[in-house]
Amino acid sequence: MKLKTALTTAALAVSIAAVSAPAMARDTISIVGSSTVYPFATVVAERFGANSDFPTPRMESTGSGGGLKIFCQGVGTQHPDITNASRRMKTSEFELCASNGVNNITEFRIGSDGIVIASSKEAEHMDLTLEQLFLALGEKVPVDGKWVMNPNKTWSDVDSSLPNKAIQVMGPPPTSGTRDSFNELALMGGCAELPEAKAMEESEMEATCMSIREDGAFIEAGENDNLIVQRLVSDQNMYGVFGYSFLEENADRLQAAKLNGVEPTQDNIAEDKYPVARSLFFYVKKDHVGVVPGIQEYTAEFVSAGAMGPNGYLKDVGLIVPTRDALVELNKKSQNMPNLKLEELK
């Protein structure tokens, strides 16, 4: 009986060691986060793996909010080293990190992107104002001075100049930074133009203006923007919400609506002329630098002139690259890894 107990104890110890080993030692960088940043980070990771002595980082597209939640769960190689985000970290996320001992974080703002309203090139082209977009997709809209559940079924219900076809828009889920930015920049931007919204208290205005309808007019498509592209190509009545880089990748098949009379182009986005432009980021867990090999070298590659300079390879795949001065500062960050401070997010 004692021998059986000893053997069982030994087997359990071996089992625990086997489970714990991957958490204790890892030689491959683990990256999670935004589906918008994913294609840019993937290009960097592949080049990094091919041109360095380090393995190609492992990448997972979880959405900005999902990635930050995972990133902030703790320090240790069972947790990811880097998270990508298509919006800035929220104060609540910074506090979640701190509560789990993730106190040393470096933020990199890597460039810009625009959120587009895209459709098949065979579909009717749209020229929308942000106000019209809100009246099409907001959960509640003003009718005769009162806020009611959105009654608009067709685009022409919103404005007679728009197509007489059902409002059908595919877009990202609430965990996505693209969704956060779309709600804040597009819906809030359009809602704020309405006299009925201007009369609201700020908190009430935010709650109303950034709520998207859930009656089938807006269809959540998960974190895979390629699925939206496929649906748009096959359905000329459908419109989709995603980052500019996906539009550029599929320029032979898709077109984008003008918003407030402005086309989404690299120049218009970089110069802040396009009304639904946003910044892109990644965040590094500094306590993993020197523990997981290659983290600092990967960040240096990402912010190098070869990647993000005016003739860099990320510009070729659709990133609106930062200015020369901003790139110099990013290079300094990759060397010094300064800690992000809570007051910077407020």
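The name an unreviewed UniProt entry assigns to the protein is Phosphate ABC transporter substrate-binding protein, from the organism Halopseudomonas salina.

Given a rise of 1.5 Å per residue, 14 residues ought to cover 20 Å, and the 20 Å separating the end C-alpha atoms of helix 2 (residues 38-51) matches this to within 8%. Looking only at helix 2, the buried set comprises Pro39, Phe40, Ala41, Thr42, Val44, Ala45, Phe48 and Gly49. On its buried side, helix 2 packs onto strand 2 (58-59), strand 3 (82-85), helix 11 (244-249), strand 13 (277-285), helix 13 (295-302) and helix 15 (313-316).

Moving on: the nonpolar core. Counting residues in each nonpolar core, the largest one holds 53 residues, and the members touching the most others are Leu137, Trp155, Phe182 and Phe242. With 29 residues, the next largest nonpolar core counts Phe108, Ile295, Met308 and Tyr313 among its residues.

In this section: the pattern of salt bridges. Under the defined criterion, the tally for this structure stands at 10 salt bridges. Residues Arg88 and Glu107 are paired through a salt bridge, measuring 2.9 Å at the closest nitrogen-oxygen approach. In this pair, Arg88 sits in the loop between strand 3 and helix 4 (91-99) while Glu107 sits in strand 4 (residues 105-120), placing the two residues 19 residues apart along the sequence. Taking relative accessible area as the criterion, Glu107 reaches 6% and is therefore assigned buried.

Here we come to the state of the cysteines. Summed over all chains, the structure comprises two disulfides. Sulfur-sulfur distance for the disulfide between Cys191 and Cys209 comes to 2.0 Å. The disulfide joining Cys191 to Cys209 has a torsion of about -45° about its S-S bond and is therefore left-handed. Of the two residues, Cys191 sits in helix 7 (residues 177-191) while Cys209 sits in helix 9 (residues 202-209), which places them 18 residues apart along the sequence. Given the relative accessible area of 0%, Cys191 is considered buried. Look at the protein and number its bonded cysteines as they come in the sequence; the links are 1-2, 3-4.

Moving on, we get to the side chain of Thr83. Along the chain, Thr83 falls in strand 3. At 3.5 Å, the side chain of Thr83 and the backbone oxygen of Gly67 are in polar contact. Here Thr83 is in contact with Val32, Gly33, Gly67, Leu68, Phe71, Phe281, Phe282 and Tyr283, once residues within four sequence places are set aside.

Let us now look at the pairing of strand 13. Within strand 13, eight of the nine residues are buried, leaving the element largely enclosed by the surrounding structure. The sheet contact formed by strand 3 and strand 13 spans four bridges and is antiparallel. By the bridge assignment for strand 13, Asn84 is matched with Phe282. Pairing analysis gives nine bridges linking strand 4 to strand 13, with the strands arranged antiparallel. Its bridge partner being in strand 13, Gly114 is matched across the sheet by Ala277.

This brings us to the packing of helix 5 (residues 130-137) against helix 7. A packed helix pair is summarised by two numbers, namely the angle formed by the two axes and the spacing between the axes. Two elements in contact, helix 5 and helix 7, have axes whose closest approach is 6 Å; the angle formed by their N-to-C orientations is 105°. The orientation of helix 5 with respect to helix 7, classified from their angle, is roughly perpendicular. Seen from helix 5, the contacting residues are Leu130, Glu131, Leu133, Phe134 and Leu137; seen from helix 7, they are Phe182, Leu185, Ala186, Leu187, Gly189, Gly190 and Cys191. Looking at side-chain class alone, the contact of helix 5 with helix 7 contains nine nonpolar, two polar and one charged residues.

Okay, the confidence of the model for the protein next. Of the residues in the protein, 93% have a pLDDT of 70 or more, and the chain-wide mean is 90. The low-confidence segment residues 1-23 (pLDDT under 50) makes three contacts with residues lying over four places distant or belonging to another chain.

According to the stated counting rule, one finds nine aromatic pairs in the structure shown. For the ring pair Phe48 and Tyr298, a centre distance of 5.8 Å and an interplane angle of 80° mean the geometry is edge-to-face. Here Phe48, found in helix 2, pairs with Tyr298, found in helix 13; they are 250 residues apart in sequence, far enough to count as distant. Neither Phe48 nor Tyr298 differs from the other in exposure class; each is buried. With 4.7 Å between their ring centres and 20° between their planes, Phe108 and Phe282 make a pair best called stacked. Of this pair, Phe108 sits in strand 4 while Phe282 sits in strand 13; the two residues are 174 residues apart in sequence, bridging distant segments of the chain. A relative accessible area of 0% places Phe108 in the buried class. Owing to a relative accessible area of 0%, Phe282 belongs among the buried residues under this scheme.

Our next topic: the packing of helix 7 against helix 9. Running from amino to carboxyl end, helix 7 crosses helix 9 at an angle of 120°, the nearest separation of the two axes being 9 Å. For the crossing formed where helix 7 meets helix 9, the hand is right-handed. Where helix 7 approaches helix 9, its residues Leu187, Met188 and Cys191 are matched on the opposing element by Met205, Glu206 and Cys209. For the contact of helix 7 with helix 9, the class distribution of residues is five nonpolar, no polar and one charged.

Moving on, we come to unusual backbone geometry. A positive phi angle, near 55°, is found at Asn260, a position not held by glycine. For Asn260, the position within the fold is in the loop between strand 12 (258-259) and helix 12 (266-270).

The rules we used
- Residues numbered from 1 in each chain as written.
- Predicted model: local features only at pLDDT ≥ 70, side-chain atom pairs only at ≥ 80, totals over all residues.
- Heavy atoms only, no water.
- Helix = DSSP H or I, 4+ residues; strand = E, 2+ residues; numbered from the N terminus.
- Expected span 1.5 Å × (residues − 1).
- Buried < 20%, exposed > 50% of the residue type's maximum accessible area, 1.4 Å probe, protein only.
- Contact = heavy atoms within 4.5 Å.
- Core = buried A, V, L, I, M, F, W, Y, C linked by side-chain atoms within 4.5 Å.
- Salt bridge = Lys/Arg side-chain N within 4 Å of Asp/Glu carboxyl O.
- Disulfide = S-S within 2.5 Å.
- Polar contact = N/O pair within 3.5 Å; in protein donor to acceptor, adjacent residues only side chain to side chain.
- Pairing = 2+ DSSP bridges.
- Axes fitted to C-alpha atoms, helices over the stretch in contact; angles between N-to-C directions.
- Parallel < 35°, antiparallel > 145°, perpendicular 65-115°, else oblique.
- Nonpolar A, V, L, I, M, F, W, Y, C, P; charged D, E, K, R; others polar.
- pLDDT = per-residue confidence, 0-100.
- Phe/Tyr/Trp six-rings, centres within 6.5 Å; stacked < 30°, edge-to-face > 60°.
- Left-handed = near helix turned anticlockwise from the far one by under 90°.

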